[in-house]
Amino acid sequence: MIVPSISYYMLAVGSDGTTKMPSQPPEHDRQQRDLIAQIATLGPCLPGSITTRQMRCGRARCACKADPPKLHGPYTYWTRKEQGRTIARLLNAEQIERYQPQIDNARQLRQFVAALEALAIKTAEDTEQWGRK
Ligand SMILES: [Zn+2]
């Protein structure tokens, strides 16, 4: 036998006796507003990552092939995926400083979006009690 628990939506009965299902409980509403407010404060959200590496070149006789090798660089790149391909852009020091915060914003944006989705999943599961036996 399914015993419904008393929860927020059971209180949402209109004067005409019909049940008016709010889209989500007030606590979830508040969490959703907070997440969206945090997203609104983000600046530009640049996808991808910034990585620094040293490398070997294609020339046969080069210090980078010596023992011990003297590698070229370090070079710093902004890389991102586009339709399965990796696109790399060489950055100078000023560009690294300018774009790193935008990369960080994009990472935060992904976290906020994941939190919004998790909240909607929880609301749907709680509302419909799908998870209950
Ligand atoms: Zn070389």
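Calculation notes
Residues numbered from 1 in each chain as written. Predicted model: local features only at pLDDT ≥ 70, side-chain atom pairs only at ≥ 80, totals over all residues. Helix = DSSP H or I, 4+ residues; strand = E, 2+ residues; numbered from the N terminus. Contact = placed C-beta atoms within 7 Å. Pairing = 2+ DSSP bridges. Axes fitted to C-alpha atoms, helices over the stretch in contact; angles between N-to-C directions. Buried ≥ 20, exposed ≤ 12 C-beta atoms within 10 Å, placed from the backbone. Parallel < 35°, antiparallel > 145°, perpendicular 65-115°, else oblique. Left-handed = near helix turned anticlockwise from the far one by under 90°.

For the rest of this paragraph, the subject is the overall build of the protein chain. Scanning the protein chain for helices and strands turns up two helices and three strands. Secondary structure elements of the protein chain occur, N-terminal to C-terminal, as α-β-β-β-α. Long-range contacts, defined as pairs at least 24 residues apart, comprise 50% of the intrachain contacts of the protein chain with a sequence gap of at least 6.

A separate point is the pairing of strand 2 (residues 72-82). Relative to strand 2, strand 1 (residues 49-55) runs antiparallel, the two sharing six bridges. Looking at the pairing, Ile50 lines up with Trp78 of strand 2. Taking the residues between adjacent antiparallel strands as the criterion, strand 2 and strand 3 (residues 85-91) are bridged by two residues, where Gln83 takes a positive phi near 50 degrees.

Attention now moves to the sheet that holds strand 2. The strand order 1-2-3 describes an open sheet built from three strands, whose pairing is antiparallel. The open sheet has two free edges, formed respectively by strand 1 and strand 3, since each of these has just one partner strand. Averaged over neighbouring strand pairs, the angle between their axes works out to 40 degrees when direction is ignored.

Let us now look at the environment of His28. With respect to the helices, strands and loops of the structure, His28 is situated in helix 1 (residues 26-40). With 18 C-beta atoms counted inside 10 Å, the residue His28 sits in the partly exposed group. Note: C-alpha distance between His28 and Lys122 (94 residues apart in sequence) is 9.0 Å. Contacts of His28, omitting those with residues within four sequence positions, involve Leu119 and Thr123.

With that settled, the discussion passes to the packing of helix 1 against helix 2 (residues 93-128). Here helix 1 crosses helix 2 at 165 degrees, and the two axes come no closer than 10 Å. Taken together, the axes of helix 1 and helix 2 lie roughly antiparallel to each other. For the pair helix 1 and helix 2, the sense of crossing is left-handed. In this structure, helix 1 uses His28, Gln31, Gln32, Leu35, Gln38 and Ile39 to contact helix 2, whose residues at the interface are Leu109, Phe112, Ala115, Leu116, Leu119 and Thr123.

Moving on: unusual backbone geometry. The omega angle of the peptide bond from Asp67 to Pro68 is 5 degrees, so this bond is cis rather than trans. Inspection of the secondary structure puts Pro68 in the loop between strand 1 and strand 2. That bond from Gly73 to Pro74 is cis: its omega, 5 degrees, falls within 30 degrees of zero. Tracing the chain through its elements places Pro74 in strand 2. Even without being a glycine, Gln83 presents a positive backbone phi close to 50 degrees. Mapped onto the elements of the fold, Gln83 is located in the loop between strand 2 and strand 3. The phi angle at Gln129 is positive, at roughly 55 degrees, despite the residue not being glycine. Mapped onto the secondary structure, Gln129 falls in the segment after helix 2.

Purely geometric stuff here, so don't read any function into it on its own.
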